[in-house]
Amino acid sequence: MSLLTSTPQQADWTPWPADMAAHYKALGYWRGEPLWRLLADSALRHPGQTALVCGARRWSYLRLDEWARQLAGGLWQLGIQPGDHVVLQLPNVAEFLAACFALWRVGARPVMALPGHRHAEMAYFCAHTGATAAIVADTGPHGFDHVAMLGRIKAQTPSLKHVIVVQTHGGNRSERDDAISFASLAEHPPVPASHDHVDASTLALLQLSGGTTGLPKLIPRTHDDYAYSVRASADICQFSTDTVYLAVLPLAHNFPLSSPGTLGVLYAGGTVVLCQHGDPGTVFPLIAKEGVTHTAVVPPLAQAWLNAPESVRAQGRGLQWMQVGGARLSPDVAQRIVTEMGCRLQQVFGMAEGLVNYTRQDDAPETIISTQGRPISPDDELLVVDDHDVPVPNGVPGHLLARGPYTIRGYFRADEHNARAFSTDGFYRTGDVVRVLESGHIVVEGRAKDQINRGGEKIPAQEVETHLLAHPFVLDAALVAVPDQHLGERSCAVLVCPSDRPSRRALVSFLKDRGLSIYKYPDRYEFVDQLPKTNVGKIDKRALRQWLDNTPPTAP
Ligand code: OOB
């Protein structure tokens, strides 16, 4: 069996310049080890240790690695080739991690779709990557039929040959729908334990960008760069064989996957405990039962846990560290976590494109409460610039640009967008407005990108506006963020509909028919005669935000 990967194509993604790649290798950041080694090496070191807990199911390191190798054998039999893209859309179940390691074993690349993605995004991911397979759950939490959705996408997407189904609800859909059962893939001889033919400088996975433009951008991450960010993160966070990590955020997201996330735990030989619901009544008993020591949450989840009754929270006493990131954490909530949760706080400011910052365990309490940490790597290069790309002094807010050993140099198959999203010397324009302190810690001040950060879920304004503009009554549309006590921000669609105003219900049903993900539906709708414009003719979103701040919501 040949497991050689295909060579990277210049047109698909932008590799690091040769001198930088050589530098990162010389410093030991890039070790030439594919991601499946994170698990395989731990299986050699701690074979009997519990690696993964999913409900009543548990895997030792040895068993998990063996399962991944059997699945890799099944994927190989199916014809999945090195360099193939496989769209992965699963909730927080063990099969998610097993599928990742199996795909990495054959040199294929998971495309990290979120469970909330619907036809519009999923069809695009499959077509844009030329995916040969998709791995989905039988039904979603509200009975959503992922298999039927993928069936429709398969009919329109010539490259998509296989729909592989994980039975999360014990049904038997796969046989009925000409889909392949995930479980059956493991009925194959495992790929050899010792082969090492996957080239670590090639792509390992495609993450999804929160984005600002019409369609989500795909983020190409190599084995080398991703493995470095995982190992370095696990070291910073002092993960060890004693770490028991509760994965409650969607596993596909960069934060719970790699910062240090589930991969960091498996690298360190700890235990991953999977959880599909963040409500305190589910989480706290699980923390107590499994002896959870670490978890990662977004600010609204931290708030929901803080607001749980003391009798429920008391079960979480064993929790030692709570990582909070994905959206701005107010210093008040940060302080409450420290005083009321009885655990230590770590702020995490990261992005799927690469750069991740952590407050450190020995930082002063004030730094942990009021900053978003400092970069992982001594070779992370940060620039903070004004509107004309001129660097500003420390302490002055400006646009954050980043470059380094695990920050991408371009999106996947997106040349035109890359010209705007990256500087000519390869810095990624994060779209975040930050201040850097003398200590090197970053304070996130705001955002220049046209995006709504709904409690950590990123909503690209233009994508939603494009869908709204397709409605026959909508002449002009703007999606803007409005402050929200619980989520930090919610979205409001401001619409110009001169002939007739569609009802909220009609608009929701319209967006549903277009296959937009539910989390991107506007929370609020307002109607105006015309949208304010800047003097260069762009929609003046700042003026709209001010207007909305002073306008009570229209009843639906
Ligand atoms: C994480 O990744 P993404 O790709 O979903 O979102 C990145 C964006 C950042 O550019 C920033 O706008 C925002 O999310 N963000 C924060 C933040 N962490 C992320 N804004 C304020 N404070 C924070 N602590 O969200 C992500 C990836 C890896 C680790 C952690 C978060």
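Chains are numbered independently. Their residues run from 1 in the order of the written sequence. Only residues with pLDDT of at least 70 get local features here, since the model is predicted, and only at 80 or more are side-chain atom pairs given and counted; chain-wide, interface and lining totals rely on the full set of residues. Side-chain metrics rest on all non-hydrogen atoms present in the structure, leaving aside hydrogens and water.

### Some points on the pairing of strand β18 (residues 398-403)
For clarity, the threshold we go by: With a 1.4 Å probe rolled over the protein chains alone, any residue whose accessible area is under 20% of its type maximum counts as buried; one over 50% counts as exposed, and the rest are partly exposed. Starting at the N terminus, helices and strands are each numbered in turn, a helix being any DSSP run of H or I of at least four residues and a strand any DSSP run of E of at least two. In this scheme, strands are said to pair when DSSP sees at least two bridges between them.
Counting buried positions along β18 gives five out of six residues, so the element sits mostly inside the fold. Here β18 runs beside strand β19 (residues 428-436); their pairing, made up of four bridges, is antiparallel. Among the inter-strand pairings, Leu-401 is bridged to a residue of β19, identified as Arg-429.

### Some thoughts on the domain arrangement of the protein
Condition: As used throughout, domain bounds are those supplied by an automatic or database domain assignment. Here a residue-residue contact requires only that any non-hydrogen atoms of the pair lie within 4.5 Å. Buried surface area refers to the total accessible area, computed with a probe of radius 1.4 Å, that the two partners give up upon joining, counted for both partners together. One side-chain nitrogen of Lys or Arg within 4 Å of one carboxyl oxygen of Asp or Glu is enough to make a salt bridge. Within 3.5 Å is the distance limit for a polar contact, defined as a pair of N or O atoms, with the added protein rule that one can donate a hydrogen and the other accept it, and that residues adjacent in sequence qualify only through two side-chain atoms. Residues were grouped as follows: Ala, Val, Leu, Ile, Met, Phe, Trp, Tyr, Cys and Pro as nonpolar; Asp, Glu, Lys and Arg as charged; and all remaining residues, including Gly, as polar.
For the protein, the assigned domains are domain 1 (34-46 + 55-199), domain 2 (225-447) and domain 3 (451-549). Taking the mean C-alpha position of each, domain 1 and domain 2 sit 27 Å from one another. Taken together, the 24 residues of domain 1 in the interface contact 28 residues of domain 2. Surface buried jointly by domain 1 and domain 2 totals about 2,100 Å² across both partners, of which 67% is contributed by carbon and sulfur atoms. Its largest share of buried area at the contact with domain 2, domain 1 owes to Leu-38, Asn-92 and Leu-97, together 32% of the area lost on that side. At the surface where domain 1 touches domain 2, the tally comes to one salt bridge. Across the pair Glu-290 and Arg-58 runs a salt bridge, and its minimum N-O distance is 2.9 Å. Linking domain 1 with domain 2 are 11 residue pairs in polar contact (both at pLDDT 80 or more). Looking at the side of domain 1 that touches domain 2, the elements with two or more residues in it are α2 (36-45), α3 (61-78), α4 (94-105) and α5 (119-129). It is α4 that provides the largest number of residues to the side of domain 1 that touches domain 2, a total of five residues. A breakdown of the residues in the side of domain 1 that touches domain 2 according to their chemical character gives 15 nonpolar, seven polar and two charged.

### Description of unusual backbone geometry
Between Ser-259 and Pro-260 the backbone carries a cis peptide bond, its omega angle lying at -25 degrees. You can see Pro-260 is positioned in the loop between α10 (254-258) and α11 (261-268). Even without a glycine there, the phi angle at Arg-413 is positive, about 45 degrees. With respect to the helices and strands, Arg-413 occurs in the loop between β18 and α17 (415-421). Given a relative accessible area of 34%, Arg-413 falls into the partly exposed group.

### Some points on the sheet that holds strand β1 (residues 50-54)
Adjacent strands of a sheet form backbone hydrogen bonds with each other and so pair up, either parallel or antiparallel. The nine strands are arranged β2-β1-β11-β10-β12-β13-β14-β15-β16 in an open sheet whose pairing can be described as mixed. Of all the strands in the sheet, the pair left with one neighbour each is β2 (57-60) and β16 (374-375). Here strand β12 (residues 294-297) runs beside strand β13 (residues 321-325); their pairing, made up of four bridges, is parallel. Its bridge partner lying in β13, Ala-296 is registered against Gln-323.

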